[in-house]
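Residue-level structure breakdown
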Amino acid sequence: MKRVLFVCLGNICRSPSADGVFSAMVAEQGLSHQIAVDSAGTAAYHVGNSPDKRSTAAAKKRGYDLSVLRARQAVEADFLEFDYILAMDHENLSNLQRIKPDNSNSHLGLFLDFTQINEDEVPDPYYGGDAGFEHVLDLVESASAGLLAHIKREL
Ligand code: 4NP
């Protein structure tokens, strides 16, 4: 079993998008019993909330259902449970590095390390327009494919 946690700031836009897209790819390949997926935010502002309506709508147009997801905050215990903890941007990554316990063996890094696209951060779409949400999905789809290929080699 491999366990993957996607992390952004609020857990209502980028990491739920990654959760929905990557989970769909895992299911499509019949690997849901071998790869577990979750998402979280470094901040607590939106704990318990559904994903942002704009993220849910953009994902739905591409066939992904984010409606069942609810926001939670990343916690220290996540570092003992998840094999991969993947941050959407450098700020998320440094906040996670601060709470990572010494006895964690999790791979902690940037999600976009798994794409060939020449960008290292999934930009926060919260204060922008619809194009930002489409860009999030483009990046997330590419990195999800790369991540899944990587994890399949470890199974
Ligand atoms: P996310 O986007 O980190 O991709 O979920 C954000 C959501 C909410 C806020 C910032 C970013 N906020 O400031 O409330």
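Look above for the structure.
Note that the structure is predicted; figures quoted are calculated from it, not measured.

What follows is about the side chain of Thr115. In this fold, Thr115 is placed in the loop between strand E4 (107-110) and helix H5 (130-152). There is a polar contact of 2.7 Å between the side chain of Thr115 and the side chain of Ser142. Not counting residues within four places of it along the chain, the set of residues in contact with Thr115 comprises Ser142 and Ala143.

Now for the environment of Phe82. Positionally, Phe82 belongs in the loop between helix H3 (78-81) and strand E3 (84-87). Taking C-alpha positions, Phe82 is 7.6 Å from Lys2, a pair spaced 80 residues apart along the chain. Phe82 has contacts with Arg3, Val4, Leu5, Asp38, Arg72 and Ser106, leaving out every residue within four places of it along the chain.

What follows covers the pairing of E4. Sheet topology note: the E3/E4 ladder contains four bridges and is parallel. Bridge pairing links Ala87 to Leu110 in E4. One crossover worth recording links E3 to the parallel E4 by way of helix H4 (residues 90-99), and it is right-handed.

About the criteria used
Residues numbered from 1 in each chain as written. Predicted model: local features only at pLDDT ≥ 70, side-chain atom pairs only at ≥ 80, totals over all residues. Heavy atoms only, no water. Helix = DSSP H or I, 4+ residues; strand = E, 2+ residues; numbered from the N terminus. Polar contact = N/O pair within 3.5 Å; in protein donor to acceptor, adjacent residues only side chain to side chain. Contact = heavy atoms within 4.5 Å. Pairing = 2+ DSSP bridges. Right-handed = clockwise from strand over helix to strand, strands pointing away.

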